[in-house]
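Chain and residue survey
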Amino acid sequence: MRLAIDAMGGDFGPRATVGGSVEALQALPDLQVLLCGAREQLEDQLESISRVQAGVIDRITIIDAPVCLPDTLSPARALRLPAASSLHATLQAVAEGRADGCVSAGATGVLMAMARRQLGMIPGLSRPAISTAIPARGCGRCYLLDLGANIDSRPRHLLQFARMGAEMARAVDGVTRPRVALLNVATEPNRGERRVREADELLRQETNDHFDYHGFVEGDGLFSGVIDVAVCDGMVGNVALKSGEALIELLVERLSACFQHSWASRMVSVLARPALSRFRREFDPVRYNGASLLGLKKTVVKSHGSASMDGFGWAVRRAHCEVVGELTGKLAAALAADRHA
C-alpha cells in the first residue's frame, strides 16, 4: 500500500514530514511512501535521520516538486497557479493511481480546493467534510464533523455528514451500528437554530440500516461515550475541537505543576509517574492528529500545520488505516445503495 506525502507543507516542512513518514514506515511494514518536495532537501533530511534502516529507505520514493505553496495563499489563487507545487504532485500521484491516498499539512482551504478538483467528489455528495476522532469514556472515541470545511451547512448537508461519519466509525473502528447525534445547544426537541432542527427532522425520517440516530447532544456528550459520531457545521466543530485540545493541554500543565508544588507532592509524583504517563499517552492531542477530508473519491488526510514529527507520523497512520479499511469505497457503495433503495 502506497501513500503520497506533501513533504513541504506545514510549519516545519521536511523536518516533520520526512521524520513522521519514517516513523510510520517503521510501524507499518506494508506501507510505501512517495515523498513529494524539493529533492535535495528531502535527501538531506533522510540522511540526517540516523535510525533509518535499509528496509525503510527501500520503501521511499522521492518525487521532485520544489515549489511550496505559502499558507497565506487563497484557494482561488492556488487553483490558477502552474502545476509545480509539492501539494499538486501529491494529489496528482493519487489521481493517477500511483498512490492509494495522501497526507498534507498545508493550508486546509487550499488542500480542500485542489483535492476536489484533482480527485473529485463521491457521487451523491455535494460537499466534503473534515472529520477527526476525539477521546471518549470507556477507552472509546467519537468522530466529530464538520471541522471547518463548511461554515454555512444546510440541513441536507448535515444529513450527508451523518452518513459519512457513520461510515468512518464503521470502516476504521469496526462499529457495526454507529450511534449518531446532532450537536446542539440543548437535547430537547424543537430547540436550537432552524437548520439544526430541520436536519433533525431529516434524520428522523431516514430509514437507515447503517446507523442509529440519537437526536440532539450537547457539548458534554462528545466525551461521554454514548455516541460514536457528532454532526455539526464547520464553525461549531472547529471551536469544539480547538477548545477540547486546549483544555487537555491545560490539565496536563496544571497537573504537572501541582506535583511540583512541595517536596511532599514531588515524592508522591514518583509513585504516580506510571499513571501520569498513561494519562499523557491517552489524551495527548498528538495521537489524534490527522483530520479526514470525507466525501472525496480517494483518501486525503490533513495534518495539523504545527504538527511535530511524531504528530505527522500519526496522521500518516490514520491515512493508512482508512485505505486499509476501504473507507472511500464503502462510503460510495453505501450512498449508491441509499439512492437505489
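The coordinates are above.
Residues numbered from 1 in each chain as written. Predicted model: local features only at pLDDT ≥ 70, side-chain atom pairs only at ≥ 80, totals over all residues. Heavy atoms only, no water.

Moving on: the pattern of salt bridges. Tallying each qualifying case throughout the model produces 13 salt bridges. Linking D152 and R127 is a salt bridge whose minimum nitrogen-to-oxygen distance equals 3.0 Å. You can see D152 sitting in the loop between β6 (140–145) and α7 (155–173) and its partner R127 sitting in the loop between α6 (108–119) and β5 (129–136), a full 25 residues away along the chain. Sharing partners across several salt bridges, the network here consists of E193, R195 and D233. (Salt bridge = Lys/Arg side-chain N within 4 Å of Asp/Glu carboxyl O. Helix = DSSP H or I, 4+ residues; strand = E, 2+ residues; numbered from the N terminus.)

Moving on to empty space enclosed by the protein. Applying the stated rule across the entire model yields 4 cavities of 30 Å³ or more. Volume-wise, the second largest cavity comes out at about 50 Å³. Lining the second largest cavity, in full, are S292, L293, L294, G295, L296, K298, T299, V300, E322, L327 and T328. Broken down by secondary-structure element, the contributors of at least two residues to the lining of the second largest cavity are β10 (291–294), β11 (299–302) and α12 (327–340). No other element matches β10, which puts 3 residues into the lining of the second largest cavity. Grouping the constituent residues of the lining of the second largest cavity by class yields 5 nonpolar, 4 polar and 2 charged. (1 Å grid on protein atoms, 1.4 Å probe; cavity = no way out; pocket = protein on both sides within 12 Å on 5 of 7 lines; lining within 4 Å. Points joined across faces, edges and corners; volume = space filled by probe spheres on them. Nonpolar A, V, L, I, M, F, W, Y, C, P; charged D, E, K, R; others polar.)

One finds L91, L145, M164, L182, V231 and V300 to be the most contacted residues of the largest nonpolar core, which totals 69 residues. Considering every element that reaches this core, the biggest residue donor is α7, with 10 residues. The residue makeup of this core includes at least three contributed by each of domain 1 (1–125 + 295–341) and domain 2 (131–287). One finds L35, L42, V301 and V316 within the second-largest nonpolar core, a separate group that totals 27 residues. (Core = buried A, V, L, I, M, F, W, Y, C linked by side-chain atoms within 4.5 Å. Buried < 20%, exposed > 50% of the residue type's maximum accessible area, 1.4 Å probe, protein only. Domains from an automatic or database assignment.)

Considering all chains together, one arrives at 0 disulfides under this definition. C142 forms no disulfide, and the closest cysteine sulfur to it belongs to C232, at a distance of 9.6 Å. Residue C142 is classed as buried on the basis of its relative accessible area of 0%. (Disulfide = S-S within 2.5 Å.)

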